[in-house]
Amino acid sequence: MIEARRISKFFSIVNKEGIAEGLTACLSVTLSIEKGKIITLLGPSGCGKSTFLEILAGLQAPSEGEVFIDGVRVLEPLPSTRAEMDAYRKRYRFLSPLANDLFRDRPKHDIAMIFQDYAVFPWMTVLQNVTFTLKLRGLRRAEREKQALFYLNKVGLGASLHKYPSQLSGGMRQRLAFARALSVEPKAILMDEPFAAVDLLTRERLQDDLLKLLDSSGITIVIVTHDVAEAAYLSDEIIIFSPSPGTIRNRFTIDVPRPRRRDHPELADIQERISRLLKYDIDNESEYSI
Ligand code: ADP
Ligand code: MG
C-alpha cells in the first residue's frame, strides 16, 4: 500500500529577467494505492507527474506532505536541533551534512524505478546491468548471478546476456529495465513514460509483456504516461492531473477484467472521456497564457 498525504513541491526558479520566482510543481496531492494495483498518472506535460513519482520513490523530498509505504515513511525528517543531528550522524555514520543530504534522498524502500530510455548502464553487459543492481542491494555474488539469470530468462533476454545495451533494440532495452526492476523483488515499480521511446507495435508488445510478468505477483505499479490508450489498457485506475500546478483533477476506475481486448467498448468510452477532458484543460490553459 502506497499512501501519499497532501504532497506539495515548490521550486524556486530564476525567470528571464533574472528574478527568483516560486514554481509549484504539485499541490496537495493525496492518493492511496492498494497493493498489486496498476495505476497510471496522466496529464499535460509540465504538470508535475515526474516530480510526484520521484517523491513517491523517495528520490526527491516533498516540500510538504508525507509518503508512506506499508505504513513506513519514505523519507525521515531531517534533524532540526544540534543534539538530534549528532544522534542521526551516529546512527547513520555519515561524514557531513552534505553526505547526510546525499544519502537522505536514496530510496530506503523496496521500490524500483524505470525511466523512458536511460534506465540501463550502457557500459555494462545485459547480465552485469542486473548483477550490479543486486550488488547495490547487498546480495552475495552467487545469489546475484542466479537471480539475474532467472529474471533475464523471464523477460526473454537469456540469449543476450553478454551484449551491451547499444546492441539491443529499444524493446529489448526496456525488457532489460524490467528484468532489473523485477530482480530486486520490489513491493512497487514506478515507471516514468516507460514506453514513450519505442514504436507503437513494440509499445503494445511491451505492455503485454509487463502484464504477463506481473501476473499475480502482488507488485504495485505506478505508471506516468501521456498515452490515453495505454492508460486505459493497463490500469485499474487512472488519475488525471490538472495543468500546473498538478493536483488530482479526476479519477477513473476501470473494472474490465484481464486479459483485456484493446478495442473493448468500455475502454474506448473511457479513452474518449479522458481525451475530451485533457483537451478542455489544454484549451483553457492556452487562453490564460495568450
Ligand atoms: P511532467 O513530468 O508532468 O512533465 P515535471 O514533474 O517534470 O512535469 O515538472 C513539473 C514542473 O516543475 C515543470 O514546470 C518543471 O519545469 C518544474 N521542475 C521540475 N523539476 C524542477 C527543478 N529541479 N527545479 C525547478 N523546476 C523544476
Ligand atoms: Mg515527466
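Residues numbered from 1 in each chain as written. Chains lettered and ligands numbered in written order. Predicted model: local features only at pLDDT ≥ 70, side-chain atom pairs only at ≥ 80, totals over all residues. Heavy atoms only, no water.

Asks: Can you walk me through the overall build of the protein in this structure?
Replies: A count of helices and strands for the protein gives nine helices and 10 strands. Burial analysis of the protein (290 residues in total) assigns 46% to the buried set. Residue pairs at least 24 apart in sequence account for 68% of intrachain contacts in the protein once pairs closer than 6 positions are excluded. (Helix = DSSP H or I, 4+ residues; strand = E, 2+ residues; numbered from the N terminus. Buried < 20%, exposed > 50% of the residue type's maximum accessible area, 1.4 Å probe, protein only. Contact = heavy atoms within 4.5 Å.)

Asks: I'm lost on the packing of aromatic side chains in this one. Help?
Replies: Counted according to the given criterion, the structure contains five aromatic pairs. An aromatic cluster is present here, built from F121, W123 and F132 joined pairwise through their rings. The ring centre of F121 lies 4.9 Å from the NZ or CZ of R180, which sits over that ring. Here R262 stacks its cationic end above the ring of Y233, 3.7 Å away from the centre of that ring. (Phe/Tyr/Trp six-rings, centres within 6.5 Å; stacked < 30°, edge-to-face > 60°. Lys NZ or Arg CZ within 6 Å of the ring centre and 35° of its normal.)

Asks: It is not clear to me how the side chain of D209 should be interpreted in this structure. Could you clarify?
Replies: Along the polypeptide, D209 turns up in helix α7 (residues 200-214). Apart from the residues lying within four places of it in its own chain, the contact partners of D209 are R175 and F178.

Asks: Help me out: how do you make sense of helix α4 (residues 126-136) in this one?
Replies: Structural remark: α-helix, 3.6 residues per turn; residues separated by three or four positions point the same way. Listed as buried for α4 are V126, L127, N129, V130, T131, T133 and L134. Where α4 is buried, its residues contact α5 (141-154) and α6 (170-183). Looking one or two residues beyond α4, the residue adopting positive phi is G138, at roughly 90°.

Asks: I tried to follow the pairing of strand β7 (residues 188-192) on my own but got confused; where do I start?
Replies: Moving residue by residue along a regular strand, the side chains alternate between the two faces of the sheet. Of all five residues in β7, five are buried, a share of seventy percent or more. Residues A188, L190 and D192 of β7 are buried on one face, and the alternating residues I189 and M191, pointing to the opposite face, are buried as well. Looking at chain direction, strand β6 (residues 111-114) and β7 are connected through four bridges and run parallel. Along β7, the bridge assignment pairs A112 with I189. (Pairing = 2+ DSSP bridges.)

Asks: Quick question: what am I supposed to make of the nonpolar core here?
Replies: Within soluble globular proteins, side chains that are nonpolar tend to cluster in buried spots. The biggest cluster of nonpolar side chains holds 81 residues, and the ones touching the most others in it are L41 and F52. Looking at this core, the element that brings in the most residues is α6, giving six residues. (Core = buried A, V, L, I, M, F, W, Y, C linked by side-chain atoms within 4.5 Å.)

Asks: I tried to follow the site of ligand 1 on my own but got confused; where do I start?
Replies: All residues in the neighbourhood of ligand 1 are listed as F11, I13, L23, A25, S45, G46, C47, G48, K49, S50 and T51. K49 places a main-chain nitrogen or oxygen 2.9 Å from an oxygen atom of ligand 1. With respect to ligand 1, the side chain of T51 contributes an N or O atom lying 2.5 Å from an oxygen atom. Within the complex, the protein chains bury 62% of what would otherwise be the 560 Å² of accessible surface of ligand 1. Elements represented by at least two residues in the shell around ligand 1 include exactly β1 (2-14), β2 (20-33) and α1 (49-57). The leading source of residues in the shell around ligand 1 is α1, at three residues. Across the shell around ligand 1, the residue classes tally to five nonpolar, five polar and one charged. (Near = heavy atom within 4 Å. Polar contact = N/O pair within 3.5 Å; in protein donor to acceptor, adjacent residues only side chain to side chain. Areas by Shrake-Rupley, 256 points an atom, 1.4 Å probe, with all protein chains shown as cover. Nonpolar A, V, L, I, M, F, W, Y, C, P; charged D, E, K, R; others polar.)

All we've got here are geometric facts, nothing functional implied.
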